Amino acid sequence: QVQLVESGGGLVQAGGSLRLSCAGSGRTFSSYAMGWFRQASGKEREFVAAISGWRGGSTYYADSVRGRFAISRDNAKSTVYLQMNTLKAEDTAVYYCAARSMVAVSSRVHEYDYWGQGTQVTVSS
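Residues numbered from 1 in each chain as written. Predicted model: local features only at pLDDT ≥ 70, side-chain atom pairs only at ≥ 80, totals over all residues. Heavy atoms only, no water.

Summarising the element assignment, Val12 is placed in strand β2 (residues 10-13). Under the relative-accessibility criterion, Val12 is labelled buried at 12%. With 80 residues separating them in the primary sequence, Val12 and Thr92 have C-alpha atoms 9.7 Å apart. Not counting residues within four places of it along the chain, the set of residues in contact with Val12 comprises Ser17, Leu18, Leu87, Thr122, Val123 and Ser124. (Helix = DSSP H or I, 4+ residues; strand = E, 2+ residues; numbered from the N terminus. Buried < 20%, exposed > 50% of the residue type's maximum accessible area, 1.4 Å probe, protein only. Contact = heavy atoms within 4.5 Å.)

Okay, the nonpolar core next. Counting residues in each nonpolar core, the largest one holds 33 residues, and the members touching the most others are Met34, Trp36, Leu82, Met84 and Tyr95. Counting residues per element, the ones that place at least two in this core are β3 (18-24), β4 (33-39), β5 (46-51), β7 (69-74), β8 (79-84), β9 (93-100) and β11 (119-124). Met84 has contacts with Gly16, Ser17, Leu18, Leu20, Arg68, Phe69, Tyr95 and Val121, leaving out every residue within four places of it along the chain. (Core = buried A, V, L, I, M, F, W, Y, C linked by side-chain atoms within 4.5 Å.)

Another point: unusual backbone geometry. The general pattern is negative phi for most residues beyond glycine and trans for most peptide bonds. In this structure, Trp54 is a non-glycine residue whose phi angle is positive, near 60°. Relative to the assigned elements, Trp54 resides in the loop between β5 and β6 (59-61). Of note, Thr86 is a non-glycine position whose phi angle comes to about 45°, a positive value. Mapped onto the elements of the fold, Thr86 is located in the loop between β8 and β9. Looking at Thr86, the relative accessible area reads 44%, which means it is partly exposed.

Across a sheet, strands are paired by hydrogen bonds formed along the backbone, either parallel or antiparallel in direction. Here four strands make up an open sheet; going across it, the order is β1-β3-β8-β7 and the pairing antiparallel. Since the sheet does not close on itself, it has two edges, and those belong to β1 (4-7) and β7, each with one partner. Each strand of the sheet is rotated relative to its neighbour by a mean of 15°, with strand direction disregarded. As paired elements, β3 and β8 share six bridges and run antiparallel to each other. In the strand pairing of β8, Cys22 is matched with Val80. (Pairing = 2+ DSSP bridges. Axes fitted to C-alpha atoms, helices over the stretch in contact; angles between N-to-C directions.)

Across all of its chains, the model carries six salt bridges by this definition. Here Arg38 ties to Glu46 by a salt bridge, and the two come within 2.6 Å at their closest N and O atoms. With a relative accessible area of 37%, Glu46 lands in the partly exposed category. Overlapping salt bridges bring together Arg38, Glu46, Arg68 and Asp91 as one network. (Salt bridge = Lys/Arg side-chain N within 4 Å of Asp/Glu carboxyl O.)

Rendered as structure tokens:
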């Protein structure tokens, strides 16, 4: 069982930056692949970024954020991060952290087993 708590959301102007954090519980946190997803009002939840388990040597990004966002993990702190740069109004959404009971990354919502409660990111234009 893994519990996830996101933080770091807020209001930022277009072109600005935010760093989201996701603190996890459980002794096996390092073995989980981790992902970030987002859901804008009235839209389906969509994939943002993922990082593989253990050393996090594999990362994967949605086309819409590649080159602007960076995912990383610190297993000693059981935390995964999402650094978001050059934010755009269309990045506005609730951002969710998720854990997958496998080492390999995935972009599919249904392949993640545990979810946080979400944190709101609002980008003003």
